[in-house]
Amino acid sequence: MLTKFETKSNRVKGLSFHSKRPWILASLHSGVIQLWDYRMGTLIDRFDEHDGPVRGVHFHKSQPLFVSGGDDYKIKVWNYKTCRCLFTLLGHLDYIRTVQFHHEHPWIVSASDDQTIRIWNWQSRTCISVLTGHNHYVMCASFHPKEDLVVSASLDQTVRVWDISALKKQDSVPGDDLLRLGQMNTDLFGGVDVVVKYVLEGHDRGVNWAAFHPTLPLIVSGADDRQVKLWRMNDTKAWEVDTLRGHMNNVSCVMFHAKQDIIVSNSEDKSIRVWDATKRTGIQTFRREHDRFWILSSHPEMNLLAAGHDSGMIVFKLERERPAFAVSSDIIFYTKERFLRIYEFSSQRDTQVIPIRRPGSTSLNQSPKTLSYSPTENAVLICSDVDGGSYELYVIPKDSAGRGDGVQEAKRGTGGSAVFVARNRFAVLDKSSNQVLVKNLKNEIVKKSGLPFPADAIFYAGTGNLLCRAEDRVYIFDLQQRLVLGDLQTPFIKYVVWSNDMESVALLSKHAIVIASKKLVHQCTLHETIRVKSGAWDDNGVFIYTTLNHIKYCLPNGDSGIIRTLDVPIYITKVSGNTIFCLDRDGKNRAIVIDATEYMFKLSLLKKRYDHVMSMIRNSQLCGQAMIAYLQQKGFPEVALHFVKDERTRFNLALESGNIQIAVASAKEIDEKDHWYRLGVEALRQGNAGIVEYSYQRTKNLERLSFLYLITGNMDKLTKMLKIAEVKNDVMGQFHNALYLGDVQERVKILENAGHLPLAYATASAHGLRDVAERLAAELGDSVPSLPEGKRPSLLMPRMPVMCGGDWPLLRVVKGIFEGGLDNVGKGTADEEEEEEAEGDWVDELDMVDVNGLANGDVTAIMEDGEVGEENEEGGWDLEDLELPSEAETPRASVNARSVVFVAPTPGMPVSQIWTQRSSLAAEHAAAGNFDTAMRLLSRQLGIRNFTPLRTMFLDLHTGGHTYLRAFSSAPVVSLAVERGWNESASPNVRGPPALVYNFSQLEEKLRAGYRATTAGKFTEALRLFLSILHTIPLIVVESRREVDEVKELIIIVKEYVLGLQMELNRREIRDNPVRQQELAAYFTHCNLQMPHLRLALLNAMTVCYKAKNLATAANFARRLLETNPTVENQARTARQVLQAAERNMIDASELNYDFRNPFVVCGATYVPIYRGQKDVSCPYCSSRFVPSQEGQLCTVCDLAVVGADASGLLCSPSQVR
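In this report, we go over the structure that sits alongside the text. (Residues numbered from 1 in each chain as written. Predicted model: local features only at pLDDT ≥ 70, side-chain atom pairs only at ≥ 80, totals over all residues. Heavy atoms only, no water.)

## Observations concerning the packing of aromatic side chains
Taken as a whole and judged by the stated rule, the model has 32 aromatic pairs. The interplanar angle of 65° and the centroid separation of 5.0 Å between the aromatic rings of phenylalanine 47 and phenylalanine 66 together place this pair among those described as edge-to-face. You can see phenylalanine 47 sitting in strand β5 (residues 42-47) and its partner phenylalanine 66 sitting in strand β7 (residues 65-70), a full 19 residues away along the chain. The same class applies to phenylalanine 47 and to phenylalanine 66, which are both buried. Ring centres of tryptophan 107 and phenylalanine 143 lie 6.4 Å apart, and the angle between their planes is 35°; on these two criteria the pair is classed as tilted. Here the residue tryptophan 107 occupies a position in strand β11 (residues 107-112), and phenylalanine 143 occupies one in strand β14 (residues 138-143), the gap between them amounting to 36 residues. Judged on exposure class, the residue tryptophan 107 and its partner phenylalanine 143 are both buried. Grouped by ring-pair contacts, the aromatic residues Trp23, Phe47, Phe59, Phe66, Trp78 and Tyr80 constitute a single cluster. (Phe/Tyr/Trp six-rings, centres within 6.5 Å; stacked < 30°, edge-to-face > 60°. Helix = DSSP H or I, 4+ residues; strand = E, 2+ residues; numbered from the N terminus. Buried < 20%, exposed > 50% of the residue type's maximum accessible area, 1.4 Å probe, protein only.)

## Concerning the environment of alanine 665
Within the secondary structure, alanine 665 is located in helix α8 (residues 660-670). Taking relative accessible area as the criterion, alanine 665 reaches 35% and is therefore assigned partly exposed. Residues alanine 665 and glutamate 647 lie 18 residues apart in sequence; the distance between their C-alpha atoms is 8.9 Å.

## Concerning the pattern of salt bridges
Applying the stated criterion across every chain, the model contains 44 salt bridges. Of the charged contacts, one joins glutamate 1021 and arginine 1024 as a salt bridge, the two residues approaching to 2.7 Å between their closest N and O atoms. You can see glutamate 1021 and its partner arginine 1024 sitting in helix α24 (residues 1019-1032), 3 residues apart, about one turn around the helix. Take glutamate 1021: its relative accessible area is 33%, and that puts it in the partly exposed class. With its nearest N and O atoms 3.2 Å apart, the salt bridge here joins glutamate 1079 to arginine 1076. (Salt bridge = Lys/Arg side-chain N within 4 Å of Asp/Glu carboxyl O.)

## A closer look at the state of the cysteines
Following the criterion strictly, the structure yields 0 disulfides and no others. Distance from the sulfur of cysteine 1182, which forms no disulfide, to the nearest cysteine sulfur (cysteine 1179) is 3.6 Å. Classification of cysteine 1182 as buried rests on a relative accessible area of 0%. Looking at cysteine 1198, it has no disulfide partner, and the nearest cysteine sulfur is the one in cysteine 1195, 3.5 Å off. (Disulfide = S-S within 2.5 Å.)

Any link to function would need more than the numbers given here.
Structural data, given as structure tokens:
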């Protein structure tokens, strides 16, 4: 059994397949009817108007209807499109067991526990016949698929066949009272129009189900006596043919298979049984653990069955329908029924070759699964599931093609799968030992190869190679070298399809396709919700595949799409140009012509073959939202523009591709405020002031318009805007425009008119308009505002812009292939830049709707209407409308009419790039801003991994290596590189190295400060200074070799101090461990310090040990201190006193991990001695030593490098590189 779909629900009592759509109805014991899409595995709808269990349900063959019958005695007819019940048929007096539509007439047959069968006319919504005769519950009733018969089964232990031919004559609406009376009698007593033809008696218990054979005069029935009986009938009688025994409990449903000669039954014994209808023997049994089966249903046209049980239902197939095939250049070998056939693609000739299975050996799932062909030897390998997996090898005689009669004995063997791996060698997978057996054409084992992974199937992967499947991975295995050449994680793979050149492979699983290279390097994965069925590569490297209901394509980059839909599933065998060759489920070869334009177009875009794209756009009908969205997504909005007629889409694409001309044309057509606003934003981004102005005028956005005139310096227009604001009585607009113009008198006038006299007075006084100020003061009287004393007023004047009027200068660029070449496709685009107009003013030419809806943009028109003009304006240019021909007839000016176009100079190489190309010094890379290469250099040279302490220095170097100039307010800041050692005589074309903010003299100064802090006992400050030196040295550049040696020496000096100070600070934190305190004080004295600091360290260690009664150790420190000839008398005296006290009692109270006689260095992390001869590791930068366990850790002394890392050494001078 091949389960296609399964549901979990309440007990399923009724099932019905839709004849065309992949739908199934399931009626439940809970009273709900579910509508499922078994292909997608989704619940489409649920209908729950019945009260109590629904036992019967059935789809109409052609109308969007289904009928249901339940324990509420109601038959309901539903429309699944409107999702509602159309009407209810009432008449039965007990539970309704089954309902069924007639295949031709508008009838429904229903069986009920009221011991009757009723036939209803669903168009007139009346009962046309009541079939009485059963004397117990009628468990089922159904129409014959072709003849005028009904079969019914009842718990009275009989099956009855009824003749309903008389109903045809009555199938008309009653016309008069007499017929109505007859109808009433029929309803009450049952009509005489339907007669019992046969009563089949033979079951010992109640019969649960009976069904007709679709074509033969046979009936099958199942009963509570656990038997399935087969009956035959003729015109006069019916008789029992045979009994099928095997079920262990009541048989609940039984039926003939529509396509095969088998009977399927299910039972309350939790099993489905399949029987051979001719031999009358059981073929197969499928069991469930806990669920009793109640109902079976078969698809009217496809090889699908469904069974309902206690906790849901299953949709299943009994056998695979995919024919086994193998393609070799122009031919395909495939199996059909019990023959091997050959089909030529070029001539489309189909021939039978040889019989491949003995007749009469049919059983379920024994048909060939895979087929492998060796063209040189003309040999075929056929694998099937017979005997748990076996293969048959046929060598086809050259002359047998066409006859197909010579029965040839095949060479057989067991094995999960078998494929040819060379012309006369084939490989067989032996799952038990996980080996691949290589055999010759005599079926003899030539070689055995154990697989290093558990494989459950093998596929061909080129000569001598196998592609092996192991659950969630696939491997390429070389049989000669016994090596795995590649592997890839995948879903469970069912089929493998290689491209013609064997460079790519498609791995097909149930719901995914993985495309990989021949070494199994992953390229892309496609996921499908519907099952993937087959696939083949076309000549261009596009993978064409089929799902249950679509032919689709997959491009090399993973883009996919639908080519066409399918009515029935097909299996692609070959793709040649626009033709797909395939096999259908009946084993027929078909050739389907497809339209490959869409995927070829996308492939050309992907491969940048723009000439192909151009010709396709010109010659094909490519269009649609999906294609436009694809072009937008892939960054080709200008191409999408040529497909589109819809103005809104054109507008969006034009904005996206920056094509202002098309955007203007579309915005005019659409003429909506939002589109004009968006056009204005894009035009402003491009610096096209004329179109920005036009957009603002169309949206009547006066505030933005005024501001635009301000920033473009168009004072004349700004004056006009002031007058428009006055006409529209917009006080704020007037004031803003006056402010932009710097017109103080106008501002005072506006404030005065608006009633803001104190503000008007303050403005007039501040700007020295005494006459006006005095007049206003007189009006204000006592409430004159006081102005601040001692302030100098200044006029608020906006600055004049650097560039007045005009659009931004544009670069001269070569037109893209999609712009110049496609102007005549789709819509004609607007002309390129028009000839420059006087003042760059668009207003007079464009049909501009002005503020008051006037058609001419000149502001004077508004003034005349409003009678506000103070003086007669000059007439201006006399521009009358000329009667010109339409635009299409007018010859266009040359697109490249404008000759004055700014050409930018070719950019040179950035200075930062020159610096990094020439240098291997990390500091110079950091100054150039190439922090990643600087970090890589430091990592390689000094093993540095922790760059956090260097972050600020990198930024300082970069900032310090450049200087910054402001040209003017609207321009960005210009950065200039500062070079080291530049002078006026230097050549302008030769770039020096960058100026660096850190130098060696600064470090010497820091070192002296560190010494001072150490002497003063400010250990934390001293440690900070010494660490700062260590962190700066990697970014120092010096000139001479002598200075390089000094830098290296400085690292050693500073490292000793950092280690010593870290130990001393650590010692001071330890309060409760006197032994460790003494050890750390002792180790400090072995750091290589300056003499004054060494004396202090010895004095410190001596004091600590003396206080802890370690007199012998204290005496050693006193002796070493006196050997240094201390200049401070107090130090010498203390040392002598300690020495005298110790000589009287030369013992140590506690044992220390310290042997001053044995030379040692101190571990920088654990602060323990590493004596001479012991293993250690060192920091590649500061050379601090560590115990071996610290290898790979960050150095605790410099906090930069990794202990034990490989490094080439410090590079801090160009002289080292030379």
